[in-house]
Amino acid sequence: MSASLDKGVRVLKEVIDAPIASYFNSCVHCGLCAEACLFYTETGDPKYTPIHKLEPLRRLYEQEYTLLGRAKKALGLSKPVTDAELAEWQELVYNSCTLCGRCSVVCPVGNDIVYMVRKFREGMSASGNAPEGIKGAANRTVTLGSPMGVKLPAVKAQMRHVEDDTGIPIPLDVEGAEYMVMLSSMEIINFPEYLGAIAKIMQQAGKTWTLCSTAFEATNAGMQIGNSDLARVIVSRIVDGAERLKVKTVISPECGHAYTALRWEGANLVGRPFTFEVKHIIEVLGEFQAAGLLKTEGKETDRLTFHDPCQLARRGGVIQQQRSLMNQVAANFVEMPDAGFMNWCCGGGGGASAIEEGEELRLEAFKKKKSQLDAVKPDRLVTACANCRIVLEEGLEHYQMDIPVIGLTEMIAEHIPEQGA
Amino acid sequence: MAIQNDRDFKAALTALEVPQQRALAAQFVRRVQGLSGDPRVLTAVELAARAAFGTVTEAELALAAQAANTARVESFTQCGKETDWTAQAGHFVAKAAVACVRPAAEAAKNTESLAWDAAMQARMARTCQTVAEGSGTDNPEAIEQYRLLEALLNS
């Protein structure tokens, strides 16, 4: 056994906890999880059945923690987990799983398959079997503080651009501000208009807010690669920044896994309750709307539909707010089939979009989104995740579907009257 | 007429006829075009530059916009990839080029004028270049764009 495999197997044994043991024992092999996974439905290949993606972990559980499995192992009757097998499983655990959680919610016995995949990724990562694309992102997070290598000077350059664009100052390191706004690398690099939208919305709502020079990056590569230590380091940076600035609320950006990492797992990762609240930007906009602080004018008249990011809607339970916001600025908002809680993933979440060798499969899986869109034929597609946005654009381009994609926060901001107008 | 700030700049751009906007937007993009080596971008900018002479059809614009949009989508920096700010500058040049040739019907739906959109994307391209070079946050594009607009208004 190689040193890396030894380490990986050791980690896998450690991550098998009571929930995972009960999940493996509870599985009734019904196959419902297969029908819930777009990688299975769009390829028809049974290897993409979600529970099958965990087969090496299941065998290890059996061999190490069950009486019969131990006996078989002692007699040499069980198949050991090998380096070659883990390498083969990389495609199943990373490329073809976006951690979208659809399999978990259809499981009739309540197995949280996403939880299991994430635990499996811990061992894959420890054994060196994570994809190069995700490894690179994780390494940059450690060395530079950002999975895409974004440093503070780049953020300052974008701030300057947005200030020129909107005429609104972008606050940095303001102690005592009500909100600390996080950004994903994707927004800094590809969608600077998101920051401009925040500036306009906050100005109109009369709220104080700030960026944080030591914690501007929300993306959590630790979550994606399957490394809890790294995920903890990233969350700790945000906690330190928020506590230093004494903010009341940290706003997670239009990025799915950033939200899950900080909102739902952050406090457990750092081992103590936060001194501030964490909300997704869509939740904050929903609160502003309910309080009458979001005053818009005019409505989009073309046919719009909304793609629910999995981590926001299914894993995070934020479903009504985006619809209420859409209805405020869209006169012709239509829902795709399966919209909301059971929406289909864009195909690029959970780090999948960073895996170059997974592109062909991603585009194959995109046929599910295509069929949803074909059913309602929208003029434009709105979403609330920067990663979804790019994956959607690539899929639409590949299938030659002329449907522009826009961010919900930006669309709301476009309807805010210019100050003094 | 002298343009001193973005408020006046934006208002003056919005007041222009769409073909004039296209021609001016093409000038904005040409200033940063060297940051993109994509021929689809070049084609779009050349077409937009001809718009003021009334020799461009909506069908030509739609085709050019589609091609430039493909260049834009292909040049996104994907989630988790290491950022190449020089390449990212090319992405914003492509985005500016798309604005230049945006078909009139689509342009009419946008709250911002296409020339303003092109100007902002061209500035972003220059911003990316300054990040790549580590040369601070000074961006000369705004002042240069003011001068180009003044020249048009005073001609």
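As the structure is a computational prediction, the values presented were derived from the model and not from experiment.

(A) Layout of the overall build of chain B. Within chain B one finds eight helices and zero strands. Relative to its length of 155 residues, chain B is compact, with a C-alpha radius of gyration of 15 Å against a globular reference of 15 Å. With 155 residues in all, chain B has 56% of them scored as buried. Long-range pairs, those at least 24 residues apart, make up 71% of the contacts in chain B between residues at least 6 apart in sequence. Just so you have it, chain B exposes about 6,600 Å², and 53% of that area is on carbon and sulfur atoms. A distance of 3 Å separates the average location of the 15 positive side-chain charges in chain B from that of its 18 negative side-chain charges.

(B) Representation of the sheet that holds strand β7 (residues 405–407) of chain A. Residue and element names in this part refer to chain A. Ordered in space as β5-β6-β7, the three strands form an open sheet in which the pairing is parallel. One side of each edge strand has no neighbouring strand; the edge strands of this open sheet are β5 (304–307) and β7. Within this sheet the neighbouring strands show an average axis-to-axis angle of 35 degrees, counted without direction. Two strands pair when backbone bridges link them, and strand β6 (residues 380–383) and β7 are joined in this way by three bridges, in the parallel orientation. Residue pairing across strands places V382 opposite I406, the latter belonging to β7.

(C) Region of the structure containing the interface of chain B and chain A. Counting residues at the interface gives 30 residues for chain B, matched by 34 residues for chain A. Taking both sides of the interface into account, the surface hidden between chain B and chain A amounts to around 2,900 Å²; carbon and sulfur atoms contribute 52%. Applying the counting criterion to the chain B and chain A interface returns four salt bridges. Where chain B touches chain A, the interface holds ten residue pairs in polar contact (both at pLDDT 80 or more). Every element with two or more residues in the side of chain B that touches chain A is listed here: α1 (6–15), α4 (58–74), α5 (85–100) and α7 (114–133) of chain B.

(D) Seen up close, helix α5 (residues 55–65) of chain A. Those residues of α5(A) that sit buried are P56(A), L57(A), R59(A), L60(A), Y61(A), Q63(A) and E64(A). Contacts from the buried residues of α5(A) go to α1 (3–15), α2 (18–26), α6 (67–74), α7 (83–95) and α9 (113–126) of chain A.

(E) Inspection of the nonpolar core at higher detail. V150(A), W209(A), L211(A), I282(A), L408(A) and V101(B) are the most contacted members of the largest nonpolar core, which totals 92 residues. Among the elements that line this core, the one with the most residues is α5(B), at ten residues. Counting contributing residues per domain, this core is built from domain 2 (134–290) and domain 3 (304–414) of chain A, each supplying no fewer than three. The contacts of V150(A), once residues within four sequence positions are left out, are L144(A), V155(A), S185(A), I188(A), I189(A), F216(A), T83(B) and W85(B).

(F) Looking closely at the side chain of Q21(B). For Q21(B), the location among the structural elements is in helix α2 (residues 18–32). Setting aside anything within four residues of it in sequence, one finds Q21(B) in contact with L13(B), T14(B), L16(B), S113(B), L114(B) and A115(B).

(G) Quick peek at the pairing of β6(A). Burial of the side chains of β6(A) extends over both faces: R380(A) and V382(A) are buried on one face and L381(A) and T383(A) on the other. A crossover connection joins β6(A) to the parallel β7(A) through helix α23 (residues 386–398) of chain A; in handedness this β-α-β unit is right-handed.

(H) Inspection of the packing of aromatic side chains at higher detail. Summed over all chains, the structure comprises eleven aromatic pairs over all chains. An angle of 55 degrees between the planes, with centres 5.2 Å apart, marks the rings of F9(B) and Y146(B) as tilted. Of the two residues, F9(B) sits in helix α1 while Y146(B) sits in helix α8 (residues 141–154), which places them 137 residues apart along the sequence. Judged by relative accessible area, which is 0%, F9(B) ranks as buried. Owing to a relative accessible area of 6%, Y146(B) belongs among the buried residues under this scheme. Aromatic rings pair up to connect F9(B), F28(B), W116(B) and Y146(B) into one cluster. When the ring centre of W344(A) is taken as origin, the NZ or CZ atom of R102(A), which lies over that ring, is 3.5 Å away. Seen from the ring of W264(A), R263(A) lies directly overhead, with NZ or CZ sitting 4.0 Å from the centre.

(I) Local environment of the confidence of the model for chain B. Residues and elements named next belong to chain B. Per-residue confidence for chain B gives a mean pLDDT of 92; residues scoring 70 or more make up 99%. Mean pLDDT values over the elements of chain B span from 76, in helix α6 (residues 104–109), up to 97, in α5. For this predicted complex, the interface confidence score (ipTM) comes to 0.86, while the overall pTM stands at 0.93.

(J) Main features of the sheet that holds strand β3 (residues 249–252) of chain A. Residues and elements named next belong to chain A. Reading across from one edge, β2-β1-β3-β4 is the order of the four strands in this open sheet, with parallel pairing throughout. Two strands close off the open sheet at either side, each with one partner strand: β2 (209–210) and β4 (277–280). Sitting on the sheet, helix α18 (residues 281–290) is in contact with β1 (179–181), β3 and β4, with an inclination near 90 degrees to β4.

(K) Quick peek at the pattern of salt bridges. All names here are of chain B. Enumeration according to the criterion identifies 40 salt bridges over all chains in this entry. Its salt-bridge partner being K10, residue E112 comes within 3.1 Å of it at the nearest N-O pair. A residue pair is termed long-range when its members are at least 10 positions apart, and E112 in the loop between α6 and α7 and K10 in helix α1 qualify at 102 residues. A residue is classified by how much of its surface remains accessible, and K10, at 17% relative accessible area, is buried. Where R31 meets E141, a salt bridge forms, and the shortest distance between an N and an O atom there is 3.0 Å. Residue R31 is located in helix α2, and its partner E141 is located in helix α8; the two are separated by 110 residues in the primary sequence.

(L) Representation of the packing of α1(B) against α2(B) in the model. All names here are of chain B. As a packed pair, α1 and α2 sit with axes 9 Å apart at the nearest point and diverge in direction by 135 degrees. Judged on the interaxial angle alone, α2 and α1 are oblique. In this structure, α1 contributes F9, L13 and T14 to the contact, and α2 contributes Q21, L24 and F28. The class makeup of the residues in the contact of α1 with α2 is four nonpolar, two polar and no charged.

(M) Representation of unusual backbone geometry in the model. Residues and elements named next belong to chain A. A positive phi angle, close to 55 degrees, is found at H29, a residue other than glycine. By secondary structure assignment, the location of H29 is in the loop between α2 and α3 (32–36). The residue Q400 is not glycine, and still its phi comes out positive at about 50 degrees. Relative to the helices and strands, Q400 is located in the loop between α23 and β7.

Calculation rules
Residues numbered from 1 in each chain as written. Chains lettered and ligands numbered in written order. Predicted model: local features only at pLDDT ≥ 70, side-chain atom pairs only at ≥ 80, totals over all residues. Heavy atoms only, no water. Helix = DSSP H or I, 4+ residues; strand = E, 2+ residues; numbered from the N terminus. Rg over C-alpha atoms; globule rule 2.2 N^0.38 Å. Buried < 20%, exposed > 50% of the residue type's maximum accessible area, 1.4 Å probe, protein only. Contact = heavy atoms within 4.5 Å. Areas by Shrake-Rupley, 256 points an atom, 1.4 Å probe, with all protein chains shown as cover. Lys, Arg positive; Asp, Glu negative; His and termini not counted. Charge placed at Lys NZ, Arg CZ, Asp CG, Glu CD. Pairing = 2+ DSSP bridges. Axes fitted to C-alpha atoms, helices over the stretch in contact; angles between N-to-C directions. Buried area = accessible area lost by both parts, 1.4 Å probe. Salt bridge = Lys/Arg side-chain N within 4 Å of Asp/Glu carboxyl O. Polar contact = N/O pair within 3.5 Å; in protein donor to acceptor, adjacent residues only side chain to side chain. Core = buried A, V, L, I, M, F, W, Y, C linked by side-chain atoms within 4.5 Å. Domains from an automatic or database assignment. Right-handed = clockwise from strand over helix to strand, strands pointing away. Phe/Tyr/Trp six-rings, centres within 6.5 Å; stacked < 30°, edge-to-face > 60°. Lys NZ or Arg CZ within 6 Å of the ring centre and 35° of its normal. pLDDT = per-residue confidence, 0-100. Parallel < 35°, antiparallel > 145°, perpendicular 65-115°, else oblique. Nonpolar A, V, L, I, M, F, W, Y, C, P; charged D, E, K, R; others polar.

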